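If you want the building blocks of each chain, they are given just below.
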Amino acid sequence: MQEKRDMYACILFLYEGDALMKRVSTDELEPGMVIARTVIGSDGRALLTENSQLSESYIERLQSLGFKSVYIKDGLADIDIPQVISNQVLSAVSSTLSNSIKTYSTKKSLDLKSLRMVVTMLLDDILSNHNLLIQLEDIRAHDDYLFFHSINVAIFSMMTAITVGYTEGKVIDIGLGALLHDIGMIMIDPAIINKSGQLTESESAQIRKHPEIGFNILRTYQEVPTKVAHIAFQHHERIDGSGYPRMLERKQILEYALIVAVADTFDAVVSDRPFRKGYSTTEALIILRKLSNSYYDPEIVEAFASNIAIYPVGCLLSLNTGHIALVTSVTRINSTRPTVHVICDRDYNLIHPPFEIDLQKTTEISVLKRLSNEETDIVRSKIYMQRNEARTASCVG
């Protein structure tokens with residue numbers, strides 16, 4: 001009996017860790033759930049910090065602010081998910097961008113010196129964490145979509161530029177251009193930007209004006225190189241000539257803009273919007289690759305993709321052995337063959353005890369697929385049920 005209790009204790013240790021997270025719709029939040037990733041507002045301040053326990057008032061506040069989902073501690077395993085950009089740097093960038101946009105709205109002036117400084121801070125974090133991959137889809141309120149979208153696009157674009165081989169100076173330039181690529185949107189009616197239904201022809205025409213508006217804003221600043229201003233002008237152009245506003249073809253589009261176009265699309269696809277929930281990083285990469293050679297430069301798509309974890313820490317994988325495994329570690333080196341904990345058999349029964357496999361070190365075991373959100377929820381439900389049964393058996397024993 002003691003041996004059985006020890007076995008349950010081992011299982012509970014693995015499945016009751018406090019660091020793994022899952023993305024949960026704010027409509028499904030319940031009091032007592034614990035925030036797994038600090039929720040940052042557009043002013044750079046934390047709305048809810050990691051480890052905050054949700055109450056009814058907190059949940060109502062998140063919903064009223066337009067958040068569609070947040071990260072909640074999952075309880076499946078004791079794993080820390082590394083972030084390329086620290087919360088401190090993210091807060092500094094958020095605050096600076098927010099202040100710059102407010103200043104422009106009132107005084108028609110951008111603080112380019114401060115913006116370039118925070119882009120340099122982003123670069124420092126990226127270089128310091130050069131072996132890390134983007135693991136998580138970001139979380140932001142609908143009303144703050146363009147704001148956090150701009151920050152994410154800057155991060156993704158800079159990482160891609162480093163992969164392509166840009167010098168640090170050029171990486172900072174593309175980061176600044178990416179951070180301001182949608183600056184023209186501040187002249188568009190917010191009601192159109194955040195509309196949940198299909199846009200009218202007139203509303204679509206208004207949206208399509210933002211690249212030229214942004215370019216005209218940026219080109220008035222001597223501190224902004226012409227190539228950087230053209231990021232705003234060209235990031236919606238497509239290499240087959242189907243983009244806007246000028247329907248340019250591949251040879252007419254600057255490489256800076258080609259990079260930002262990929263980053264812009266990826267972040268738009270993984271983001272929650274009023275009319276749909278965001279796709280996973282894996283699904284978004286599939287979409288980008290399907291659009292290579294028509295909309296996006298295939299070499300840039302692959303350079304971009306090399307910075308994204310197709311099997312992020314915390315996701316569940318189906319292995320060729322029939323087992324279900326939890327990703328516990330992934331870097332650039334083992335991005336397609338991560339380290340995993342094998343936790344269930346093919347019928348989702350817990351493995352006693354669970355065991356670790358470094359897929360880099362074996363050729364016999366391979367990944368069949370990443371489980372979908374629906375499949376992952378089924379596994380979680382069965383694990384929680386079996387965990388509760390284990391608790392009961394342990395107490396009775």
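Structure shown above.
*Asks:* Residues and numbers for the side chain of threonine 331, please.
*Replies:* Relative to the assigned elements, threonine 331 resides in the loop between strand E6 (324-329) and strand E7 (339-344). What threonine 331 contacts, discounting residues up to four positions off in sequence, is Asn131 and Leu133.

*Asks:* An account of the environment of valine 270 is needed here, citing residue identities and associated values.
*Replies:* When you line up the elements, valine 270 lands in helix H11 (residues 255-270). Spatially, the C-alpha atom of valine 270 lies 6.4 Å from that of alanine 284, the residues being 14 residues apart in sequence.

*Asks:* With reference to specific residues and values, describe the pattern of salt bridges.
*Replies:* This structure, assessed with the given rule, holds five salt bridges. For glutamate 203, the salt bridge goes to lysine 195, with nearest N and O atoms at 2.8 Å. In this structure, arginine 250 and aspartate 297 form a salt bridge, with 3.0 Å as the shortest nitrogen-oxygen distance. Taken together, the residues span a long stretch of sequence, with arginine 250 in the loop between helix H10 (226-234) and H11 and aspartate 297 in the loop between helix H12 (281-290) and helix H13 (298-305) at a distance of 47 residues. For arginine 250, a relative accessible area of 33% puts it in the partly exposed group.

*Asks:* I'd love a proper account of the packing of helix H6 (residues 168-179) against H11, names of residues and values included.
*Replies:* When two helices pack together, their arrangement is given by the angle between their axes and by how far apart the axes lie. Running from N to C, H6 and H11 point in directions that differ by 55°, and their axes come no closer than 10 Å. Considered as vectors, H6 and H11 are oriented oblique to each other. For the pair H6 and H11, the sense of crossing is right-handed. The residues of H11 that touch H6, namely those facing Lys170, Asp173, Ile174 and Ala178, are Tyr256, Ile259 and Val260. Among the residues forming the contact of H6 with H11, the class breakdown is five nonpolar, no polar and two charged.

Conventions adopted
Residues numbered from 1 in each chain as written. Predicted model: local features only at pLDDT ≥ 70, side-chain atom pairs only at ≥ 80, totals over all residues. Heavy atoms only, no water. Helix = DSSP H or I, 4+ residues; strand = E, 2+ residues; numbered from the N terminus. Contact = heavy atoms within 4.5 Å. Salt bridge = Lys/Arg side-chain N within 4 Å of Asp/Glu carboxyl O. Buried < 20%, exposed > 50% of the residue type's maximum accessible area, 1.4 Å probe, protein only. Axes fitted to C-alpha atoms, helices over the stretch in contact; angles between N-to-C directions. Parallel < 35°, antiparallel > 145°, perpendicular 65-115°, else oblique. Left-handed = near helix turned anticlockwise from the far one by under 90°. Nonpolar A, V, L, I, M, F, W, Y, C, P; charged D, E, K, R; others polar.

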